[in-house]
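# Reading the structure
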Amino acid sequence: SSSQGDSWTQLPVLVTHTLADLAISPTDPQTLYRSSGGILERTTDGGLHWTPLPLGYVSPSGAEAVFALAIAPYDAQRIYGITDRGTASISVDGGDHFTAMSTLPVKMDPMGDDPFNTHSWHLLPDDHAGGRIVFTDGNAVYTSDDGMQTWDTRLIVPLGGRSLLRDPSNPQHL
């Protein structure tokens, strides 16, 4: 939608797996990132063509699927991703390359048609360089104040399929 949701245009996009997450560039609404079937992809033409990115791939230790992604609002080239194994990775070049920063102790709870409970996974990027990054796997809330190098467990409680949002008028409020 280019009218704040008043009208919608269906794009010829083939999605053969569940869409786990979607992020829109804060500077270019034609650039989107999606995680579908565990593979991270990017489009620069509003969804007409998608290109696989090097996160969510078969690694030497087996396949890792991307279930949470986010774009830093202050830098559209800074992409965050978290895989089903809890690997937290950052790209500083718009998704062309990713660096694994750390591993989260995520819980993979079977839940109906969503065997990895991914509907509960949400990643909230920092609102400024060096700010707090927040992630939930539906069972706990984790925070990182050092660019995803380390994580602190802030709350352990089954949250279910909830979202994380930052209050735009007060970034300290989640």
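Since the structure is predicted, the reported quantities are computational estimates derived from the model, not experimental observations.

## A look at the sheet that holds strand β7 (residues 66-71)
Sheet architecture is open: 4 strands sit in the order β7-β8-β9-β10, paired in antiparallel fashion. Strands with a single pairing partner mark the edges of an open sheet, and in this sheet they are β7 and β10 (99-103). Neighbouring strand axes in the sheet, compared pairwise and without regard to direction, differ in orientation by 20 degrees on average.

## Let's talk about the sheet that holds strand β12 (residues 133-136)
Read from one edge to the other, the open sheet built from 4 strands follows the order β11-β12-β13-β14, with strand pairing classed as antiparallel. Of all the strands in the sheet, just β11 (122-124) and β14 (152-156) have a single pairing partner and so form its edges. Averaged over all neighbouring strand pairs, the angle between strand axes comes to 20 degrees, with direction disregarded.

## Some points on the packing of aromatic side chains
Under the counting rule described, the total for this entry stands at 1 aromatic pair. Seen from their ring centres, F135 and Y142 are 6.2 Å apart, and the 20 degrees between their planes marks the pair as stacked. Taken individually, F135 and Y142 each receive the classification buried, so the pair is uniform in this respect. Cation over ring: R34 sits above W50, and NZ or CZ is 4.0 Å from the ring centre.

## What to know about the confidence of the model for the chain
When pLDDT is averaged along the chain, the result is 78, and 72% of the positions lie at 70 or above. Mean pLDDT per element in the chain: strand β5 (residues 58-59) is the minimum at 49, and strand β9 (residues 87-91) is the maximum at 89.

## Thoughts on the environment of D93
Position of D93 among the secondary structure elements: in the loop between β9 and β10. D93 gets classed as partly exposed once you look at its relative accessible area, which sits at 25%. Between the C-alpha atoms of D93 and R78, which are 15 residues apart in sequence, the distance is 6.5 Å. Within the structure, the side chain of D93 is placed 3.1 Å from the backbone nitrogen of D96, a separation counted as a polar contact.

## A word on the nonpolar core
Y80, I82, L123, F135, M148 and W151 are the most contacted members of the largest nonpolar core, which has 18 residues in total. At the level of secondary structure, the elements contributing two or more residues to this core comprise β7, β8 (79-83), β9, β12 and β13 (140-144). Considering every element that reaches this core, the biggest residue donor is β7, with 3 residues. Setting aside residues no more than four positions away along its own chain, L123 makes contact with A68, L69, A70, Y80, G81, I82, I133, V134 and F135. By size, the runner-up hydrophobic cluster in this structure holds 10 residues, among which are Y33, L55, L69 and I79.

Criteria and cut-off values
- Residues numbered from 1 in each chain as written.
- Predicted model: local features only at pLDDT ≥ 70, side-chain atom pairs only at ≥ 80, totals over all residues.
- Heavy atoms only, no water.
- Pairing = 2+ DSSP bridges.
- Helix = DSSP H or I, 4+ residues; strand = E, 2+ residues; numbered from the N terminus.
- Axes fitted to C-alpha atoms, helices over the stretch in contact; angles between N-to-C directions.
- Phe/Tyr/Trp six-rings, centres within 6.5 Å; stacked < 30°, edge-to-face > 60°.
- Buried < 20%, exposed > 50% of the residue type's maximum accessible area, 1.4 Å probe, protein only.
- Lys NZ or Arg CZ within 6 Å of the ring centre and 35° of its normal.
- pLDDT = per-residue confidence, 0-100.
- Polar contact = N/O pair within 3.5 Å; in protein donor to acceptor, adjacent residues only side chain to side chain.
- Core = buried A, V, L, I, M, F, W, Y, C linked by side-chain atoms within 4.5 Å.
- Contact = heavy atoms within 4.5 Å.

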